[in-house]
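What the coordinates show
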Amino acid sequence: MNTEVFNAKTQKENGATVAGRVIRAGGLVVFPTETVYGLGANGLDGSAVSKIFEAKGRPGDNPLILHIAKKSDVKPLWKHIPDTARRLMDAFWPGPLTLVYLKSDLVPDEVSAGLDTVAVRMPEHKTALAVIRAAGVPIAAPSANLSGKPSPTRLEHTLEDMQGRVDVIIDGGDCEIGVESTVLSLVGKPTILRPGGITKEMLESVIGAVEVASAVLNPLGENETAASPGMKYRHYAPSCDVVVAVGSAKTAAGLICREYQKAEQEGRSCKIFATVQTKNYYNGKKYVIIGDRDMPQTLCASLFGALRDESDDTDIIFAEGIPEDGQGLAYMNRLLRASGFTVIKH
Ligand code: AMP
Ligand code: MG
């Protein structure tokens, strides 16, 4: 398939118009959002949606998020709008919050993967909104990576995975948030199925107590059913091993230095994801500074890009665990999954 690439800045009108036409005709479009790049199709057309699963190699039982351009567009997609959803939409839409609720008959089974619920989000990114508006339908879109790989946050990473598999790619530069949206289920007690840019604390300030699904920070038990099917699968895995060292900055850095040395003696090529606070511990070792431990959003913003860029000529990446509050929860969720829950501690 020939993939046409548009620049969101210099070919603004053209890119959105062509993308809208392609979506309406049942094709696939990669577009930037504030979280990560999405791989979109007409969310009301089951056979168009099937092409997403094919292009990504995504397991068919992992449902998709419907992206809309205005709040009222959620109405035909759900059975009704619960009051908690209304309050959250007013507080956080447009933005990186996906809400899961009972689906209407309009939503094809391919989107919900046979569940009776559907996930909906209104993104904030101007290009994403322009594409959805031009399409005139909700756009079903997962992250635009091959299944299992880190989500793409930069044009070059979407090209790596999707060139030749989709009709159009829109280049919107780097994604600001860098991790996917927070997924909150409103069926029963409000429960975070996947943490993201909208934190537990932010949600609780609007609707009170919010639970966090145990699979957010733990591997799914053998007989456990996933509240969110995506929890079952290996995610965000780069082409090398990842090891997470937990504890205070000093403890984590100490553990990393010790394990780095051991691995190097075994002939393995190592790299460290350092932070502003810990870089001095790693003198003489190979490291990249990926952000600031006190500002977890900086770590979220660079994690996926760094996992892709630093894994090529490396056997093992060592990264520091951070406290799981605020956006630290989203960071640890992605990092632990990228490592396949390979953790070292004192
Ligand atoms: P992605 O499309 O890559 O951002 O992944 C979407 C995430 O939302 C996956 O982890 C899905 O399992 C989850 N998800 C989507 N729809 C639902 C739903 N109806 N119920 C529970 N989780 C969902
Ligand atoms: Mg994904």
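A short tour of the structure in this document, coming up. Each chain has its residues counted from 1, running along the sequence as written. Key to labels: chains lettered from A, ligands numbered from 1, both in the order written. It should be noted that, the model being predicted, local features are given only for residues of pLDDT at least 70 and side-chain atom pairs only at 80 or more, the latter also being counted only at that level, while totals for whole chains, interfaces and linings use all residues. Just so you know, side-chain values use all the structure's heavy atoms and leave hydrogens and water out.

1. A few points about the sheet that holds strand 11 (residues 211-212)
- The pairing criterion for strands is at least two bridges between them, as found by DSSP. A run of DSSP states H or I qualifies as a helix once it reaches four residues; a run of E qualifies as a strand once it reaches two. Both are numbered from the N-terminal end. One open sheet accounts for 11 strands, arranged 1-8-2-3-7-4-6-5-9-10-11; its pairing is mixed. Across the chains shown, the open sheet's two edge strands, defined by having one partner strand only, are strand 1 (4-7) and strand 11.
- Strand direction decides the pairing type here: strand 1 and strand 8 (residues 168-171), joined by 4 bridges, are parallel. Across the sheet, Phe 6 pairs through a bridge with Ile 170, a residue of strand 8.
- Contact criterion: two residues are considered in contact whenever any of their non-hydrogen atoms come within 4.5 Å of each other. With axes taken as lines fitted to C-alpha atoms, and helix axes fitted only over the stretch in contact, angles between N-to-C directions fall between 0 and 180 degrees. Packing against the sheet, helix 2 (residues 46-56) makes contact with strand 3 (38-42) and strand 7 (139-140), and its axis sits at approximately 150° to strand 3.
- Strand contacts of helix 7 (residues 200-207): strand 5 (97-102), strand 9 (182-185), strand 10 (191-194) and strand 11, with the helix running at about 40° to strand 9, the strand carrying the most contacts.

2. Re the site of ligand 1
- Near residues are defined by distance, with any heavy atom within 4 Å of the molecule or strand qualifying the residue. Neighbouring ligand 1 are 19 residues, the closest being Asn 62, Pro 142, Arg 194, Ser 228 and Gly 230.
- For this analysis, a polar contact is any N or O atom pair within 3.5 Å, provided that within protein one partner can donate a hydrogen and the other can accept it, and provided that sequence-adjacent residues contribute only side-chain to side-chain pairs. The side chain of Arg 58 places a nitrogen or oxygen atom 3.4 Å from an oxygen atom of ligand 1.
- Mapped by element, the contributors of at least two residues to the shell around ligand 1 are strand 6 (117-121) and strand 10.
- Ranked by the residues each element gives to the shell around ligand 1, the list is headed by strand 6, at 3 residues.
- Across the shell around ligand 1, the residue classes tally to 12 nonpolar, 5 polar and 2 charged. Any residue that is not Ala, Val, Leu, Ile, Met, Phe, Trp, Tyr, Cys, Pro, Asp, Glu, Lys or Arg is counted as polar, Gly included; the first ten are nonpolar and the last four charged.

3. Topic: the pattern of salt bridges
- Any carboxyl oxygen of Asp or Glu that lies within 4 Å of a side-chain nitrogen of Lys or Arg is treated as forming a salt bridge with it. Applying the stated rule across the entire model yields 17 salt bridges.
- Measuring nitrogen to oxygen at the nearest pair gives 2.8 Å for the salt bridge that ties Arg 268 to Asp 241. Residue Arg 268 is found in the loop between helix 8 (249-265) and strand 13 (270-275), and its partner Asp 241 is found in strand 12 (residues 241-245); the two are separated by 27 residues along the sequence.
- Glu 259 is the partner of Lys 262 in a salt bridge, and the nearest nitrogen-oxygen pair spans 3.1 Å. Of this pair, Lys 262 and Glu 259 both sit in helix 8, 3 residues apart, which is roughly one turn of the helix.
- Buried, partly exposed and exposed residues are distinguished by accessible area as a fraction of the type maximum, computed with a 1.4 Å probe on protein chains only: under 20%, between the cut-offs, and over 50%, respectively. Taking relative accessible area as the criterion, Glu 259 reaches 16% and is therefore assigned buried.
- Shared partners join several salt bridges into a network, and the residues in it are Lys 149, Glu 160, Asp 161 and Arg 308.

4. A word on the environment of Asp 167
- Relative to the elements of secondary structure, Asp 167 occurs in the loop between helix 6 (155-162) and strand 8.
- Given a relative accessible area of 25%, Asp 167 falls into the partly exposed group.
- The sequence separation of Asp 167 and Pro 323 amounts to 156 residues, and the corresponding C-alpha distance is 41 Å.
- There is a polar contact of 2.8 Å between the side chain of Asp 167 and the backbone nitrogen of Leu 28.

5. Regarding a nonpolar patch on the surface
- Exposure above 30% relative accessible area and the lack of any salt bridge qualify a residue for a patch; like charges then connect within 9 Å, and the nonpolar side chains Val, Leu, Ile, Met, Phe, Trp and Tyr within 5 Å. Surface accessibility follows the Shrake-Rupley procedure with a 1.4 Å probe radius. Residue values consider only the protein chains on display as shielding. Taken together, the side chains of Val 276, Tyr 287 and Ile 289 define a hydrophobic patch exposed on the protein surface, amounting to about 250 Å² of accessible area.
- With respect to the helices, strands and loops of the structure, Tyr 287 is situated in strand 14 (residues 287-291).
- The class of Tyr 287 is partly exposed, set by a relative accessible area of 32%.

6. Notes on the packing of helix 9 (residues 296-310) against helix 10 (residues 328-338)
- Contact geometry of helix 9 with helix 10 gives a least axis separation of 8 Å together with a crossing angle of 25°. Here helix 10 runs roughly parallel to helix 9, going by the angle between their axes. Where helix 9 crosses over helix 10, the handedness of that crossing is left-handed. Of helix 10, the residues touching helix 9 (which contributes Pro 296, Leu 299, Cys 300, Leu 303, Phe 304 and Leu 307) are Gly 328, Ala 330, Tyr 331, Arg 334, Leu 335 and Ala 338. Put simply, angles under 35 degrees are roughly parallel, angles over 145 are roughly antiparallel, angles from 65 to 115 are roughly perpendicular, and the rest are oblique. Each helix crossing is assigned a hand: it is left-handed if the near helix lies turned anticlockwise from the far helix by less than a right angle, otherwise right-handed if that turn is clockwise.

7. Here we look at the sheet that holds strand 12
- Strand order in the open sheet made by the 5 strands is 14-13-15-12-16, with parallel pairing throughout. Where the open sheet ends on each side, the last strands, each with one partner, are strand 14 and strand 16 (343-344).
- Pairing between strand 13 and strand 14: 4 bridges, direction parallel. What sits directly across from Thr 275, in strand 14, is Gly 291.
- Packed onto the sheet, helix 9 meets strand 12, strand 13, strand 14 and strand 15 (316-320) and runs at close to 150° relative to strand 14.

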